Amino acid sequence: MINISDLEKIYRTEEVETVALNKMNIEVKEGEFVAVMGPSGCGKSTLLNILGMLDKPDGGSFVFNGIEVAGFSENQCSDLRKSANCNIFS
């Protein structure tokens, strides 16, 4: 259902580069429950924003229900969120 490989997200300003996710890997199969835990600033919100297709990773692969979504446009992400393919609660 969710397969993330080598996921990266880096926030950059003119002065600072902050690595939020560094080559993260996770697989969540249908029916599994997952808790995201960790200290402040470790990348939890960044991961959840990427999983919700609200933010884009800088590298790696994000496969949701068999569809690679890491390179999707905002419109494609919106369409997928609204579609039956994204109904994970049924």
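Residues numbered from 1 in each chain as written. Predicted model: local features only at pLDDT ≥ 70, side-chain atom pairs only at ≥ 80, totals over all residues. Heavy atoms only, no water.

Draft legend 1. Representation of the sheet that holds strand S1 (residues 2–12). Taken in spatial order, the four strands of this open sheet run S2-S1-S3-S4, and their pairing is antiparallel. The sheet terminates laterally at strand S2 (17–28) and strand S4 (67–68), the two strands that pair on one side only. Where strand S3 (residues 59–64) lies against S4, two bridges are found, and the strand directions are antiparallel. Looking at S4, one finds that Phe64 is bridged to Ile67. (Pairing = 2+ DSSP bridges. Helix = DSSP H or I, 4+ residues; strand = E, 2+ residues; numbered from the N terminus.)

Draft legend 2. Broad picture of the pairing of S2. The sheet contact formed by S1 and S2 spans eight bridges and is antiparallel. For Tyr11, the partnering residue across the bridge sits in S2 and is Thr18. Hairpin geometry of S1 and S2 is characterised by an intervening segment of four residues between the two adjacent antiparallel strands.

Draft legend 3. Quick look at a nonpolar patch on the surface. A grouping of Val34, Val36 and Leu48 is seen on the molecular surface, where their side chains present a nonpolar patch of about 240 Å² in accessible area. One can find Val36 in the loop between S2 and helix H1 (44–51). (Patch = residues over 30% accessible without salt bridge, like charges linked within 9 Å, V, L, I, M, F, W, Y side chains within 5 Å. Areas by Shrake-Rupley, 256 points an atom, 1.4 Å probe, with all protein chains shown as cover. Salt bridge = Lys/Arg side-chain N within 4 Å of Asp/Glu carboxyl O.)

Draft legend 4. Region of interest: the side chain of Thr46. Relative to the helices and strands, Thr46 resides in helix H1. By relative accessible area, Thr46 is classed as buried at 9%. Those residues in contact with Thr46, other than ones at most four positions away along the chain, are Lys9, Tyr11, Ala20 and Leu21. (Buried < 20%, exposed > 50% of the residue type's maximum accessible area, 1.4 Å probe, protein only. Contact = heavy atoms within 4.5 Å.)

Draft legend 5. Molecular detail of unusual backbone geometry. Positive phi values are uncommon outside glycine, yet Lys23 reaches one of about 55°. Position of Lys23 relative to the elements: it lies in strand S2. Taking relative accessible area as the criterion, Lys23 reaches 45% and is therefore assigned partly exposed. Notably, Asn65 is not glycine yet its phi reads approximately 50°, a positive angle. Locating Asn65 in the fold gives a position in the loop between S3 and S4.

So, to be careful, I would describe these as geometric facts and stop short of saying anything about function.
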